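Topology and contacts: notes
If you want the building blocks of each chain, they are given just below.
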Amino acid sequence: MATRWDDARFAFAVEWHVLKYEPTEWFLLSGSRLVVTGFGLLVVSATVWVAVATGLAPLQEETPILYLLFALISGNFTLITIVISISQFVLGRHLESPGEIRQKIDETVQYRREVGATTRQDVVPIDPSTFVLQLFRTIDRRGDLLAGELSVGETASPELRRLVAEVEDLVAGLDDHVEYVIALLNRPNTGINYALFATLNAEYERYVHGAWRLRAEYADALSDDALEALDDLVESLEQVDVARRVFKTVFIQSELAALSRTLLVIGLPTQVGTVLLMLLFTAPSGAAVSPATLRLVIPTVVTVGFAPILLLAAYILRLATVARRTASMYPFTNQRD
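For the structure given in this document, a descriptive report is provided here.

The rules we used
- Residues numbered from 1 in each chain as written.
- Predicted model: local features only at pLDDT ≥ 70, side-chain atom pairs only at ≥ 80, totals over all residues.
- Heavy atoms only, no water.
- Phe/Tyr/Trp six-rings, centres within 6.5 Å; stacked < 30°, edge-to-face > 60°.
- Helix = DSSP H or I, 4+ residues; strand = E, 2+ residues; numbered from the N terminus.
- Buried < 20%, exposed > 50% of the residue type's maximum accessible area, 1.4 Å probe, protein only.
- Contact = heavy atoms within 4.5 Å.
- Patch = residues over 30% accessible without salt bridge, like charges linked within 9 Å, V, L, I, M, F, W, Y side chains within 5 Å.
- Areas by Shrake-Rupley, 256 points an atom, 1.4 Å probe, with all protein chains shown as cover.
- Salt bridge = Lys/Arg side-chain N within 4 Å of Asp/Glu carboxyl O.

**Concerning the packing of aromatic side chains**
A full pass over the atoms with the stated rule returns five aromatic pairs. For the pair Phe131 and Phe247, a centre-to-centre distance of 6.2 Å together with 85 degrees between the ring planes defines the contact as edge-to-face. Linking Phe131 in helix H6 (residues 128-148) with Phe247 in helix H10 (residues 224-279), this pair joins segments that are 116 residues apart in sequence. With relative accessibility at 10%, the residue Phe247 sits in the buried group.

Printed below as a string of structure tokens:
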């Protein structure tokens, strides 16, 4: 049985692989939002310290410093208030009556039964990653079955050869994605994030469209078993599309709650530190600390003052990416070839 340490090492290995080979994907989607925020703070910190060290920002006049601190304080107060209000509004919309809850439970149970019929399993997993893994294993088996139904010899007709080539292209287009998802989710406790992210990098509508076209153009050349395998493949892909939309809703709710909580934890200490620094300038003779100390304190406080907006940007980037990649409504797509 995998321990928490094993799960942590697995998650780190996956994230490192994504960061190494697909840094944009890691930055937009899979990377920890706190780590992404930390990278942003490093960039801001380096910029501010270079400006101070080179003399571009000598920090000798107090008035611009006070304006800057005031802007950070007022901006962060507004940001924290608005984000938390929006999050609470969105989460508040999910306050439901017993009848509405019962209806959603019945719909979810019915969907699980449909998935059980699709995968030929009496009991469908309740863990999101295992649930999606079972669907993709079904897709993998049915893709192999479809390819096996269309093996031809050298005496096959040109039409049959063309059919086999198109089916092979259809199955091959799915193979790499299916193998990637199975390898990613073939471990317990990978969580809803991986279950959702794993399904975002493919347009299942195009595979379904390809299967429909093959059925329409070559219905007479396909055997009954091949037609059944093709229909089963389409059904499995449809279930995956429904699953990722269900998990998207749960994920967005979870992200908004996490954003509100983390923004409060980071934002309130940031505000307190900025206010205290501003109060240092209330002494009759100016700043209550030496200029040398201010040259160290002000860049630090200004850098930390950007933490709330960078945290918000990190979360919004991920939410926007998820929304963008699930924006199309099956069986239509809004992606370009």
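**Some remarks on the environment of Val14**
With respect to the secondary-structure elements, Val14 resides in helix H1 (residues 4-21). Assessed through its relative accessible area of 14%, Val14 is described here as buried. Not counting chain neighbours up to four residues away, the residues in contact with Val14 comprise Leu184 and Tyr194.

**Description of a nonpolar patch on the surface**
Together, Val272, Val275, Leu276 and Leu279 make up an exposed nonpolar region whose accessible area comes to about 340 Å². Inspection of the secondary structure puts Leu276 in helix H10.

**Some words on the pattern of salt bridges**
Across all of its chains, the model carries nine salt bridges by this definition. A salt bridge links Glu25 to Arg325, with the nearest nitrogen and oxygen atoms 2.6 Å apart. Placement of the pair is Glu25 in helix H2 (residues 23-30) and Arg325 in helix H12 (residues 307-325), with a sequence separation of 300 residues. A relative accessible area of 13% means that Glu25 is categorised as buried. Between Arg318 and Glu255 there is a salt bridge, and its shortest N-O distance comes to 3.0 Å. Here Glu255 lies in helix H10 and Arg318 lies in helix H12, a separation of 63 residues in the sequence.

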